[in-house]
Amino acid sequence: MKRIVTIILTAVLALALAACGSKSSDSSTTGTVYRTLDQIKEDGTINIGVFSDKNPFGYVDENGDYQGYDVYFAARLAKDLGVKVNYVSTEAANRIEYLQTGKVDVILANFTVTEERAEEVDFALPYMNVALGVVSPDANVIKSLDDWKAEDEMIVISGTTAETYLTANYPDIKLQKYDTYANAKNALENGNGVAWANDNTEVIAFALQNKGYTVGIPELGSKDTIAPAVSKGNTTLLEAINNEIKSLKDEKFFHKDYEATLLDTYGKDYEESLVVEGGEVK
Amino acid sequence: MKDILLKVDNIIKRFDNNTVLNGISFDVHKGEVIVVVGPSGCGKSTLLRCINALEPIQGGSITLEGETINPADKNLTALRQKVGMVFQSYDLFPHLSVLRNITIAPEKVQKRNPKEVEKEALALLERVGLRDRANSFPRELSGGQKQRVAIVRALCMNPDLLLFDEVTAALDPEMVREVLDVMLNLAASGRTMIIVTHEMQFAKAIADRVIFLDAGQIVEEGDPISFFEHPQTDRAQKFLNTFEFESVKNHEK
Amino acid sequence: MPDLGLDVLLKGKNLARLLGGLGVAMRISMIAVVISIPLGIILGALMTWKNPVIKAILRVYLEVIRIMPQMVLLFLFYFGTTRAFGIDISGEMASIVVFTLWGTAEMSDLVRGALIAIPVHQYESAEALGFNRMQTYRYIIIPQTVRRLIPLSINLITRMIKTTSLILMIGVVEVLKVGQQIIEANRMVSPNAAFGIYLAIFMLYFFACWPISMLARYLENRWRV
């Protein structure tokens, strides 16, 4: 699915560029795609792109209201800027496109900071950590990858960060690749592999929901962060968001956010490792 | 001699560089039945299509009751109402009932009273033995029935001249007779008709005059008895021979 | 009875939200249908003309719209117009534009096919009976074309309704997206909700498309040519 979307996006980009040719440079001189902080304040409404079906980060409850860790912050940001908030339902595949066309002012949709993305959009200070995690059955908890047995296999979902990371850093570990979350889950439950590597938020939630499994490695490899993003070059809005994140440190806002939205899914144990307060990664 | 109804004068018809009719002339008198015969591709069907202005001609003239038939003419529809045509393919309108197939043109083209037209249509259907199929749709009829309806449809316009273009050629043999009988009846009632056909026995029975066409020209013309029994030209002789079969029984191998 | 998670349907405003989502899908597809059908008829008639320039232009239009996945068209019109021309159109407007372009292209091809399927004898018989050109079209050709067209165009309409499930990719929240939102919001409390919600969505699509399919079958039987 990810690949298809990538192909489509590439095709669209190619076509759009071909269609407009020199015109794209014209529009960058005559005006910008994004709205500055003042323009947003003048308008009175900020458009924030969030997930609408990624519980517990961004989702819609039974009353049609947006909820979740990202939304909790989005609401506070809008309130402190003194504007109303208009949530726009985004998909993982179109988040960058939304910012590049200025159709939203901010993306707050579990957006992991990467070098490639930073070339397309501007990230603000982070408000959450993500890393890879490894979950395994209680009977044989894998706590380290260093003494991996040659005959053991690791379950991964194709196209995920876990697959890329393990292929690059642990070439000796045999990978068992599955296309969907459900298939990977079945494989672990049937003992086809000794452990399952995925985003740590995913494996933590899995271990909490399924008895008999433990996250032996909660943080693997380089730690990534999740941050708000704005259109490239929208410095006034970027600074406003950064100042907001810094000023929220004193009231431990993101801890409150975690307790309100993520506690049920991840439990108290992971609060300190997941939450980033004041944009300061430890 | 009766009045001349149709005058075909030295007409030329070309498709690109291919001359299909090359100087055809003949007259049709009121009440006369003309049968046109000839080998395939000799131009018989094209001749009928020219008379009905479905094809433009490149030379000569066709006049009906003194008026020239010209496909570019604005009075074409008025002229066409005087000429009825029945085609080889069953060309009824599939979305209309038998009765509506017959009445639509008199009503919409001739602007006649619908009640009157319907009465006439039903009477004509009665004559061809299809009164009970008035409310059927074409898809429910046999080929022979469809052709009889097509003849009634042409008749209901009260044309002065009827053209028949190989109307039995696509029919199963057992249905040919019912259609030919209808045509014989029309001839008996004094209709003026030009018939293109391959049914030689029928031609002999119905024709007042036979025109033998070959390679776009009239090769022979005359009354049916002399044409069929004493053809004057080799070409006509050869053509007629193709309909004869010599018995092969009791021949030495 | 196994737990199908049907209780989730009745929670809060969920059912109303699903119906609202269906409303969005129906509104977009119906506006597109209402515009596409007359436009498609005009373009389809133009396609049977002998003018090679008009023919070539329409052919290219039809092929381009057909070859491109609808998803690409949606991205192109939603994001592409902003990138290229700085025009900011709403997701719903972009959807209507794309579905209209697509529907018009498909409809024109159906009309062209129906028109050329009418045998030349039908025109000639009508002419031989003295009908002029207008009358031939009015009484003979158009009624036959419409009869051929109705089942085909109704098939197209149901396809357009179903394809609205793609518009969630440009941020339009229609019935499928609402369904996904409900499933995700309840994945802890009712892990089985997916089944019940998809069942409900299936029923909603079914009841939206079924009357249209029935109408097609009725007309097909009535107008068999």
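The structure we're discussing is the one just above.
Residues numbered from 1 in each chain as written. Chains lettered and ligands numbered in written order. Predicted model: local features only at pLDDT ≥ 70, side-chain atom pairs only at ≥ 80, totals over all residues. Heavy atoms only, no water.

## A short note on the overall build of chain C
Broken down by element type, chain C carries nine helices and zero strands. Relative to the 2.2 N^0.38 estimate, which gives 17 Å for 225 residues, the radius of gyration of chain C is 22 Å and therefore markedly larger than a compact globule would have. Counting only C-alpha atoms and orienting by the principal axes, one finds that chain C spans roughly 75 × 50 × 20 Å. Classification of the 225 residues of chain C by burial places 51% in the buried group. Of the contacts formed within chain C by residues at least 6 apart in sequence, a portion of 76% connects residues at least 24 apart. When the 21 positive and 12 negative side-chain charges of chain C are each reduced to one mean point, those points stand 5 Å apart. (Helix = DSSP H or I, 4+ residues; strand = E, 2+ residues; numbered from the N terminus. Rg over C-alpha atoms; globule rule 2.2 N^0.38 Å. Buried < 20%, exposed > 50% of the residue type's maximum accessible area, 1.4 Å probe, protein only. Contact = heavy atoms within 4.5 Å. Lys, Arg positive; Asp, Glu negative; His and termini not counted. Charge placed at Lys NZ, Arg CZ, Asp CG, Glu CD.)

## A closer look at the environment of A:Glu244
By the secondary structure assignment, A:Glu244 is in helix H10 (residues 235–247). Spatially, the C-alpha atom of A:Glu244 lies 7.1 Å from that of A:Leu77, the residues being 167 residues apart in sequence.

## A look at the side chain of A:Ser89
With respect to the element layout, A:Ser89 can be found in strand S5 (residues 84–90). Side-chain polar atoms of A:Ser89 contact the side chain of A:Ser52, separated by 3.1 Å. (Polar contact = N/O pair within 3.5 Å; in protein donor to acceptor, adjacent residues only side chain to side chain.)

## Some points on the interface of chain A and chain C
Across the boundary between the two partners, chain A contributes 32 residues, which contact 32 residues of chain C. Contact between chain A and chain C buries roughly 2,900 Å² in total, counting both sides, with carbon and sulfur atoms accounting for 62%. The three residues of chain A that bury the most area against chain C are A:Asn55, A:Glu62 and A:Lys103, which together make up 22% of that side's buried surface. Scanning the region where chain A abuts chain C turns up four salt bridges. Across the pair A:Lys103 and C:Asp88 runs a salt bridge, and its minimum N-O distance is 2.8 Å. The tally of links from chain A across to chain C stands at 16 residue pairs in polar contact (both at pLDDT 80 or more). (Buried area = accessible area lost by both parts, 1.4 Å probe. Salt bridge = Lys/Arg side-chain N within 4 Å of Asp/Glu carboxyl O.)

## Considering the packing of helix H3 (residues 98–108) of chain B against helix H4 (residues 114–127) of chain B
Residues and elements named next belong to chain B. Interhelical geometry of H3 versus H4 gives an angle of 135° and a closest axis separation of 9 Å. Taken together, H3 and H4 sit at an angle that is classed as oblique. Note that H3 runs across H4; the crossing there is right-handed. Contacts from Val98, Leu99, Ile102, Thr103, Pro106 and Glu107 of H3 reach H4 at Pro114, Val117, Glu118, Ala121, Leu122 and Leu125. Taken together, the residues that form the contact of H3 with H4 break down as nine nonpolar, one polar and two charged. (Axes fitted to C-alpha atoms, helices over the stretch in contact; angles between N-to-C directions. Parallel < 35°, antiparallel > 145°, perpendicular 65-115°, else oblique. Left-handed = near helix turned anticlockwise from the far one by under 90°. Nonpolar A, V, L, I, M, F, W, Y, C, P; charged D, E, K, R; others polar.)

## Structural notes on the environment of C:Glu92
All names here are of chain C. Along the polypeptide, Glu92 turns up in helix H5 (residues 91–116). Residue classification places Glu92 among the partly exposed residues on the basis of a relative accessible area of 25%. In sequence terms Glu92 and Asp7 are 85 residues apart; their C-alpha atoms lie 31 Å from each other. Setting aside anything within four residues of it in sequence, one finds Glu92 in contact with Arg27, Ile28 and Val172.

## Here's the deal with the sheet that holds S5(A)
Residues and elements named next belong to chain A. Read from one edge of the open sheet, five strands run S5-S1-S6-S13-S7, paired in mixed fashion. One side of each edge strand has no neighbouring strand; the edge strands of this open sheet are S5 and strand S7 (121–123). For S7 and strand S13 (residues 229–231), the ladder comprises three bridges, and the chain directions are antiparallel. Among the inter-strand pairings, Asp122 is bridged to a residue of S13, identified as Val230. (Pairing = 2+ DSSP bridges.)

## Looking at helix H9 (residues 200–209) of chain A
Residues and elements named next belong to chain A. For H9, the buried fraction is high: seven of the 10 residues fall into the buried class. Taken as a whole, H9 has its buried residues at Asn200, Thr201, Val203, Ile204, Ala205, Phe206 and Ala207. Buried residues belonging to H9 abut strand S8 (128–137), helix H8 (181–189), strand S11 (195–199), strand S12 (213–226), helix H12 (263–266) and helix H13 (271–274).

## A few points about the packing of aromatic side chains
One pair of aromatic rings is described through two measures. These are the centre distance and the angle between the planes. Applying the stated rule across the entire model yields 28 aromatic pairs over all chains. Plain terms: the ring middles of A:Tyr66 and A:Tyr87 are 5.0 Å apart, the flat faces sit at 35° to each other, and that makes the pair tilted. Here the residue A:Tyr66 occupies a position in strand S4 (residues 66–67), and A:Tyr87 occupies one in strand S5, the gap between them amounting to 21 residues. Between A:Lys54 and the ring centre of A:Phe51, over which it is positioned, the NZ or CZ distance is 5.0 Å. In this arrangement the basic side chain of B:Lys13 is found over the ring face of B:Phe15, its NZ or CZ atom lying 4.6 Å from the centre. (Phe/Tyr/Trp six-rings, centres within 6.5 Å; stacked < 30°, edge-to-face > 60°. Lys NZ or Arg CZ within 6 Å of the ring centre and 35° of its normal.)

## Some remarks on helix H1 (residues 44–51) of chain B
Given 3.6 residues per turn, any residue in an α-helix points the same way as the ones three and four places further on. Residue and element names in this part refer to chain B. Burial runs high along H1: seven of the eight residues are buried. Of the positions making up H1, those classed as buried are Lys44, Thr46, Leu47, Leu48, Arg49, Cys50 and Ile51. Once H1 finishes, Ala53 follows within two positions and takes phi at roughly 60°, a positive value.

## A look at the nonpolar core
Counting residues in hydrophobic clusters, the biggest one holds 86 residues, and the most contacted among them are C:Leu18, C:Phe131 and C:Ile197. Counting 54 residues, the second largest nonpolar core, distinct from the first, contains A:Val60, A:Tyr87, A:Ala184 and A:Ala240. (Core = buried A, V, L, I, M, F, W, Y, C linked by side-chain atoms within 4.5 Å.)

## With respect to unusual backbone geometry
The omega angle of the peptide bond from A:Asn55 to A:Pro56 is 5°, so this bond is cis rather than trans. Among the secondary structure elements, A:Pro56 is positioned in the loop between strand S2 (53–54) and strand S3 (58–60). Positive phi outside glycine occurs at A:Lys252, with the angle close to 50°. Mapped onto the fold, A:Lys252 is located in the loop between H10 and helix H11 (253–261). The exposure class of A:Lys252 is partly exposed, given its relative accessible area of 46%. One non-glycine residue, B:Asn158, lies in the positive phi region at around 50°. One can find B:Asn158 in the loop between helix H5 (143–155) and strand S7 (161–165). Owing to a relative accessible area of 41%, B:Asn158 belongs among the partly exposed residues under this scheme.

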